[in-house]
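# Fold and contact review
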Amino acid sequence: MSVVNQLLSRGQRGAAVHRAAAFEHSCVHETLATGCDAVDALLPHGGWPQGALVELIQSGTDGLAPTQAVCSLLLPALVQLQQERVGFAAHAAHVAWVGTVGQSALARSLSLFGPSLLAKGLDVSRLVWVQHASDTAKAWAAQELLRCGDVAGVVVSLAHADAHVLRRLHYSAAQHGKYLWAIRPAQAMTQASPAVLRMQWRAGGWSMLEQPLGSALQVRKRAGPSTQAVVYCMQASTALQQAVRSTKAMRGLRRASASPVVKPHVVSSYTAHQVAA
């Protein structure tokens, strides 16, 4: 019997032999449903992996996925995480969003809107929102939040991050058993990454009344067999989209009348460090 056949035979008896055509079971302990059955069917173990880095890559055509697409993909998981009990006193868990500040296209595409978060069931009182222009500062804030016992999941936007930074975040998520999503630009697809799962938004989807109803996603990297399948996920209900349009119209009227606009409270990276401490 050849050496390869001997290894495969041992693998059938329980040895740690990885088969490329089978999903890997040793690197992921728990998963969290995405809220979209079509996406769950493509992911190993049927959901987001716990204790590992997940990369969500922007579209390679228009460069960006709208806020609605990003939030609709992640909010079901974040809402589930807020229902968990963590820490010695069993407090309700917090989730963190580390975004980009400024007027860049990436910053505008990933800005959060309170009413839409509430409509999706997210408790904004247990949302740690950090904004900074520097990717170095955002990576530091994300790592500190991963160490925080009350935080169950972290979403971080990183336009420029090398493999060393990603590996450090990946290890922190694994060490503390946290969920971690990194939103990256399309150029990140050409870079090496320790992420156990990489998904990319695709141009297309479907819309109604010039409002997006769904977005297209493709798995670029996963444990187990490769796939080129593209799945479509519903983004938001028509009623919610109408509310968003009405809100945008009201904002336009306020700007025209020079009325002051109340800005949401932004947690600084220093405050995030205090939370982590």
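Being a predicted model, the structure only gives us computed values, none of them experimental.

## Some details on the nonpolar core
Core analysis: the biggest nonpolar cluster contains 38 residues, and Trp48, Leu56, Leu78, Trp97, Trp181 and Met199 have the highest contact counts within it. With ten residues, the top contributor of residues to this core is helix 3 (residues 67-82). By size, the runner-up hydrophobic cluster in this structure holds 23 residues, among which are Val154, Val156, Leu158 and Ala195.

## Describing helix 6 (residues 135-147)
For helix 6, which comprises 13 residues, the first-to-last C-alpha distance of 19 Å matches the rise-based estimate of 18 Å (1.5 Å per residue) to within 8%. In terms of burial, helix 6 is a largely internal element, ten of the 13 residues being buried. Regarding helix 6, the residues found buried are Asp135, Ala137, Lys138, Ala139, Ala141, Ala142, Gln143, Glu144, Leu145 and Leu146. For helix 6, the capping residue at the N-terminal end is serine 134, with a side-chain oxygen 3.2 Å from the backbone nitrogen of threonine 136.

## Here's the deal with helix 7 (residues 163-176)
A rise of 1.5 Å per residue sets the reference length of helix 7, with its 14 residues, at 20 Å; its end C-alpha atoms lie 20 Å apart and thus fit the reference within 8%. Two to three positions downstream of the cap, the backbone nitrogen of histidine 164 sits 3.2 Å from a side-chain oxygen, assigning the N-cap of helix 7 to aspartate 162. Directly after helix 7, the chain includes glycine 177, whose backbone phi takes a positive value near 65 degrees.

## A word on the packing of aromatic side chains
One pass over the structure, following the stated rule, counts two aromatic pairs. A centroid spacing of 6.0 Å and a plane angle of 90 degrees characterise the contact between tryptophan 48 and tryptophan 181, whose relative ring orientation is edge-to-face. Here the residue tryptophan 48 occupies a position in strand 2 (residues 48-49), and tryptophan 181 occupies one in strand 9 (residues 179-184), the gap between them amounting to 133 residues. In terms of burial, tryptophan 48 and tryptophan 181 fall into one category: buried. Aromatic pair tyrosine 179 and tryptophan 181: ring centres 6.1 Å apart, planes at 15 degrees, arrangement stacked. The rings of Trp48, Tyr179 and Trp181 are connected pair by pair, giving a single aromatic cluster.

## Some details on the pattern of salt bridges
Under the defined criterion, the tally for this structure stands at five salt bridges. As a salt-bridge pair, glutamate 55 and arginine 184 come within 2.7 Å of each other at their nearest N and O atoms. Residue glutamate 55 is found in strand 3 (residues 52-57), and its partner arginine 184 is found in strand 9; the two are separated by 129 residues along the sequence. Exposure remark for glutamate 55: the relative accessible area of 0% places this residue in the buried category. Overall, arginine 184 belongs to the buried group, its relative accessible area being 1%. Glutamate 144 serves as the salt-bridge partner of arginine 147, at 3.0 Å between the closest nitrogen and oxygen. Placement of both arginine 147 and glutamate 144 in helix 6 is noted, with a separation of three residues, approximately one turn of the helix. On the basis of relative accessibility, which here comes to 42%, the residue arginine 147 falls in the partly exposed class.

Conventions adopted
- Residues numbered from 1 in each chain as written.
- Predicted model: local features only at pLDDT ≥ 70, side-chain atom pairs only at ≥ 80, totals over all residues.
- Heavy atoms only, no water.
- Core = buried A, V, L, I, M, F, W, Y, C linked by side-chain atoms within 4.5 Å.
- Buried < 20%, exposed > 50% of the residue type's maximum accessible area, 1.4 Å probe, protein only.
- Helix = DSSP H or I, 4+ residues; strand = E, 2+ residues; numbered from the N terminus.
- Expected span 1.5 Å × (residues − 1).
- Polar contact = N/O pair within 3.5 Å; in protein donor to acceptor, adjacent residues only side chain to side chain.
- Phe/Tyr/Trp six-rings, centres within 6.5 Å; stacked < 30°, edge-to-face > 60°.
- Salt bridge = Lys/Arg side-chain N within 4 Å of Asp/Glu carboxyl O.

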